[in-house]
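So you can see what is in the structure, the chains are spelled out below.
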Amino acid sequence: MSNVLVTGGAGYIGSHACKALRVAGFTPITYDNLCTGWQDAVKFGPFEQGELQDRARLDEVFATYQPVAVMHFAALSQVGESMAEPGRYWQNNVGGSLTLFEAAIAAGCLNVVFSSTCATYGDHDNVLLDETIEQHPINAYASSKRAIEDMLRDFEGAHGLRNVIFRYFNVAGADPEAEVGEHHQPETHLVPLMLDAIAGKRDALTIHGTDYDTPDGTCIRDYVHVCDLVDAHVLGLHWLLDGKQSRAFNLGSGTGFSVREVVDHSRAVTNKAVSVTEGPRRAGDCTKLVSGSTRAEKELGWTPTRSKMDIMIADAWRWHQTGHYDR
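Think of each chain on its own: its residues are numbered from 1, step by step along the sequence as written. Reporting in this predicted model follows two pLDDT cut-offs: at least 70 for local features of residues, and 80 or more for side-chain atom pairs to be given and counted; totals over whole chains, interfaces and linings ignore these cut-offs and use all residues. Processing note: side-chain calculations cover all non-hydrogen atoms of the structure and skip hydrogens and water entirely.

Asker: I would appreciate a short explanation of the state of the cysteines in the present structure.
Answerer: A pair of sulfur atoms, both from cysteines and within 2.5 Å, is called a disulfide here. Scanning the entire structure with this criterion turns up 0 disulfides. Residue cysteine 18 stays outside any disulfide, its sulfur separated by 13 Å from that of cysteine 227, the closest cysteine. Relative accessibility under 20% of the residue-type maximum defines a buried residue, over 50% an exposed one, and the middle range a partly exposed one, all with a 1.4 Å probe and only protein chains included. Relative accessible area serves as the criterion here: at 3%, cysteine 18 is assigned to the buried category. Its relative accessible area of 15% is what places cysteine 227 among the buried residues.

Set out below in structure tokens:
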């Protein structure tokens, strides 16, 4: 079985990617510093603890496993935090990626599947985003991801580091078998925060901003099921291993949901009420972000079968009631 180095493999998306890789016949090698990930989530292959900026540690891991590719998820990812501490995001996300890519090139591992974000496009109201739209990030998190995309382009030209870049918005849901799921401390994502409020683990869900130029005043986002998302990453890996050219793909459902609409769906799925309070906007948040995925569907053959709001909430609710990590 071919090895794939998965940075951030102990995190929410990374752990699901490791399961998808194992199912697809690869051995995922999780590389994670556990600052936000969980060792309990590493269930599908070896675990190597380390920092992205630790070149000696990366060299050791590349030499030990000789991966055919890197699947790069590891990053700080909170928009509000990135606006308050931009240096931390540039140092961790951009600096860490630079060290990772240099180590990969030195080891002769020249295939990278990169987890980027549609936030690199900026604020595009009432536009279904595709890969032709110019990128104008409006927060430090998105800017750091855009910089990594530029780095990959430059490194391909100089060193042959081929890549597939995936841009997407909000990820939701969980493994339907509840082997892995979403668990952050502290939690910042809408769906688990909402489910915490339903389960009585927090007093209420706070809606950040109710004066956006949308039908109900709350911001609108595109949501993709985590299992659909990682399936696309495996398809991207095959794309590279088949010798195809570097390519960027948007991954989206093409349908946006406001915060209030997500809350309404949760009531229908769980048959439980959600306590809600209203708070101010967060710095760096866009009004409406919705992505299409025509290129991924046509070229990769990607079909987001689980990216329906009721399914995403139902899978997340199942994990929320039965799954946990202790360390």
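Alright, that's what it looks like, and here's the rest.
Asker: What is the right way to read the sheet that holds strand S1 (residues 3-7) from this model?
Answerer: If you walk across this open sheet you meet the 7 strands as S3-S2-S1-S4-S5-S7-S11, and the pairing is parallel. A single partner strand is all that each edge strand has here, and the edge strands are strand S3 (47-49) and strand S11 (247-251). On average, each strand axis in the sheet is tilted by 20 degrees relative to the strand beside it, whichever way the strands run. Lying on the sheet, helix H1 (residues 12-23) is in contact with S1, strand S2 (27-32), strand S4 (69-72) and strand S7 (162-168); it crosses S2 at an angle near 160 degrees. Seen against the sheet, helix H4 (residues 86-106) touches S1, S4 and strand S5 (111-115) and runs at an angle of roughly 170 degrees to S4. Strand pairing follows a simple DSSP-based rule, namely that at least 2 bridges must link the two strands. For helices the rule is a DSSP run of H or I covering at least 4 residues; for strands it is a run of E covering at least 2, with both sets numbered from the N terminus onward. All axes here are fitted lines through C-alpha atoms, helices being fitted over the stretch that makes contact, and every angle between N-to-C directions spans 0 to 180 degrees. Should any heavy atoms of two residues lie within 4.5 Å, those residues are counted as being in contact.

Asker: Teacher, can you tell me more about the environment of threonine 27 here?
Answerer: Take threonine 27: it is sitting in strand S2. The spatial distance from the C-alpha of threonine 27 to the C-alpha of methionine 1 is 6.1 Å, given a sequence separation of 26 residues. Other than its neighbours up to four places away in sequence, threonine 27 contacts Met1, Ser2, Asn3, Val4, Arg22 and Pro46.

Asker: Hey, could you run me through the environment of leucine 152 in this one?
Answerer: Here leucine 152 shows up in helix H5 (residues 140-159). Put simply, leucine 152 and phenylalanine 114 are 38 residues apart on the chain and 9.1 Å apart in space, counted from C-alpha to C-alpha.

Asker: Where do I start with the nonpolar core in this structure?
Answerer: Most often, soluble globular proteins keep nonpolar side chains buried together rather than apart. We call a set of buried residues a nonpolar core when its members are Ala, Val, Leu, Ile, Met, Phe, Trp, Tyr or Cys and they connect through side-chain atoms within 4.5 Å of each other. By size, the foremost hydrophobic cluster in this structure holds 40 residues, and its most contacted members are Ile13, Leu21, Met71, Phe166, Tyr168, Leu237 and Leu251. Broken down by secondary-structure element, the contributors of at least two residues to this core are S1, H1, S4, S7, helix H7 (226-241), S11 and helix H9 (294-300). Of the residues forming this core, the biggest block, 9 residues, is contributed by H7. Sequence-distant contacts of methionine 71, defined by excluding residues within four places in its chain, comprise Val4, Leu5, Val6, Thr7, Ala17, Leu21, Val113, His233, Val234 and Leu237. Counting 26 residues, the second largest nonpolar core, distinct from the first, contains Val70, Val94, Val112 and Phe114.

Asker: I tried to follow the packing of H1 against H7 on my own but got confused; where do I start?
Answerer: Angle between the axes and distance between the axes are the two parameters that describe a pair of packed helices. Taken N-terminus to C-terminus, the directions of H1 and H7 make an angle of 60 degrees; their axes are 9 Å apart at the nearest point. One way to sum up the angle between H1 and H7 is to call them oblique. Handedness of the H1/H7 crossing: right-handed. Between H1 and H7, the contacting residues are Tyr12, Ile13, His16, Ala17, Ala20 and Leu21 on the first element and Val226, Cys227, Leu229, Val230, Asp231, Val234 and Leu237 on the second. Three residue categories are used. Nonpolar comprises Ala, Val, Leu, Ile, Met, Phe, Trp, Tyr, Cys and Pro, charged comprises Asp, Glu, Lys and Arg, and polar comprises the others, including Gly. By residue class, the composition of the contact of H1 with H7 is 11 nonpolar, 1 polar and 1 charged. With respect to orientation, any angle under 35 degrees is reported as roughly parallel, any angle over 145 as roughly antiparallel, any angle of 65 to 115 as roughly perpendicular, and every other angle as oblique. Note on convention: the crossing is left-handed when the near helix lies turned anticlockwise from the far helix by less than a right angle, right-handed when the turn is clockwise.

Asker: Just to check I follow, could you spell out the pairing of strand S9 (residues 205-208) for this structure?
Answerer: Regular strands place their side chains on alternate faces of the sheet. Alternating residues of S9 divide into Leu205 and Ile207, all buried, and Thr206 and His208, none buried. The pairing of S9 with strand S13 (residues 276-279) spans 4 bridges and is parallel. Looking at the pairing, isoleucine 207 lines up with glutamate 278 of S13.

Asker: Explain the side chain of glutamine 135 to me, please; I cannot follow it from the model alone.
Answerer: Looking at where glutamine 135 falls in the secondary structure, it is placed in the loop between strand S6 (128-129) and H5. In the analysis that follows, any N or O atom pair within 3.5 Å is treated as a polar contact, provided that within protein one partner can donate a hydrogen and the other can accept it, and provided that, for residues neighboring in sequence, both atoms belong to side chains. A polar contact of 3.3 Å, which involves the side chain of glutamine 135, links it to the side chain of glutamate 149. When neighbours within four sequence positions are excluded, glutamine 135 is seen to be in contact with Thr120, Tyr121, Arg146, Glu149 and Arg167.

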